[in-house]
Amino acid sequence: MVKIRKQRKKKSYNYGANRKNMNKKQLRTGHIKCPEVKKEWNKDCPVNRNFKNMGLSNDPNAVLPFRRSQRERVAVMKKSLETGEIPLNVTSNAIDPEAPRKRRKNAPKAQVAEKLEENANALRESGFRFSKGQVRLISYFLDKHKLNYRAMVSDKKNYEQETWKQLRRKVRKFLAIPEHVDEYLKTRGLERLSLEEEDTDSD
């Protein structure tokens, strides 16, 4: 069947494309962004073998133990068999927790999993900072009302009509950032901030 001229014109050859780079891009399997995994990755081994050698897994369902409900079903079935309430030929399809299991060999590159766990548990400083406008507004509230959040609600500069709980959360976050607090103390010539919150949880 003869195609129309418009369809034939669409299939024009792209002379400006770099065929070598295009083929490399198609054959590329992707970059490993994790430095710990990238250092120990063996290109000659498949993905499953690499993960197994590092003490990792690409399928968490295969690693995690069976559910507690399954363990409970095994216990109930055993008790029923002992009391004779059900026929002895009825058995459970759940895994027996007391059955002997195959001992797993230690992963040769287990330090990778340990490093990843250590990095995941490491404390990280929050990069959140208030904008200049918010810093000026919170500083104004602290200067005028200290930590009286009820008074901040009725202030004319509470343009967004925030509740006292919203203002309390914002002020507490402001005071938890050393960069904002240091600037606040420096501009007012104070050495430390001595503010006591008033009891606003009564209502």
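Scoring rules and cut-offs
- Residues numbered from 1 in each chain as written.
- Predicted model: local features only at pLDDT ≥ 70, side-chain atom pairs only at ≥ 80, totals over all residues.
- Heavy atoms only, no water.
- Helix = DSSP H or I, 4+ residues; strand = E, 2+ residues; numbered from the N terminus.
- Core = buried A, V, L, I, M, F, W, Y, C linked by side-chain atoms within 4.5 Å.
- Buried < 20%, exposed > 50% of the residue type's maximum accessible area, 1.4 Å probe, protein only.
- Contact = heavy atoms within 4.5 Å.
- Arc of directions from axis to C-beta.
- Axes fitted to C-alpha atoms, helices over the stretch in contact; angles between N-to-C directions.
- Parallel < 35°, antiparallel > 145°, perpendicular 65-115°, else oblique.
- Left-handed = near helix turned anticlockwise from the far one by under 90°.
- Expected span 1.5 Å × (residues − 1).

Caption draft 1: Unusual backbone geometry, seen in detail. The backbone phi angle of Lys146 is positive, close to 55°, even though this residue is not glycine. On the secondary structure map, Lys146 appears in the loop between helix 7 (132-145) and helix 8 (149-153). Residues other than glycine seldom take positive phi values, yet Gln161 does so here, at roughly 55°.

Caption draft 2: How the structure looks around the nonpolar core. Core analysis: the largest hydrophobic core is formed by 16 residues, its most contacted members being Ile138, Leu142, Tyr149, Met152, Val171 and Phe174. Put simply, the parts of the chain that give this core at least two residues each are helix 7, helix 8, helix 9 (164-175) and helix 10 (178-188). Other than its neighbours up to four places away in sequence, Ile138 contacts Phe130, Lys170, Val171 and Phe174.

Caption draft 3: Spatial organisation of helix 10. Turning to helix 10, its buried residues are His180, Val181, Tyr184 and Leu185. Take helix 10 and look down its axis: the buried residues cluster within an arc of 130°, on one side only. Seen from the buried face of helix 10, the exposed residues on the opposite side, beyond 90 degrees, are Pro178, Lys186 and Thr187. Looking at the packing, one finds that the buried side of helix 10 touches helix 7 and helix 9. Count one or two residues on from helix 10 and you reach Gly189, which has phi positive near 65°.

Caption draft 4: Structural detail: the packing of helix 7 against helix 10. It is at 12 Å that the axes of helix 7 and helix 10 come closest, and there the two elements cross at 60°. Regarding the angle of helix 7 to helix 10, the classification is oblique. In the packing of helix 7 onto helix 10, the handedness of the crossing is right-handed. Of the residues in helix 10, those in contact with Val135, Ser139, Leu142 and Asp143 of helix 7 are His180, Tyr184 and Arg188.

Caption draft 5: Quick look at helix 7. The end-to-end C-alpha distance of helix 7, which contains 14 residues, comes to 20 Å, matching closely the 20 Å that a straight helix rising 1.5 Å per residue would cover. Taken residue by residue, helix 7 has Gln134, Leu137, Ile138, Ser139, Phe141, Leu142 and His145 as its buried positions. Taken from the residues just after helix 7, Lys146 is the one with a positive phi, measuring 55°.

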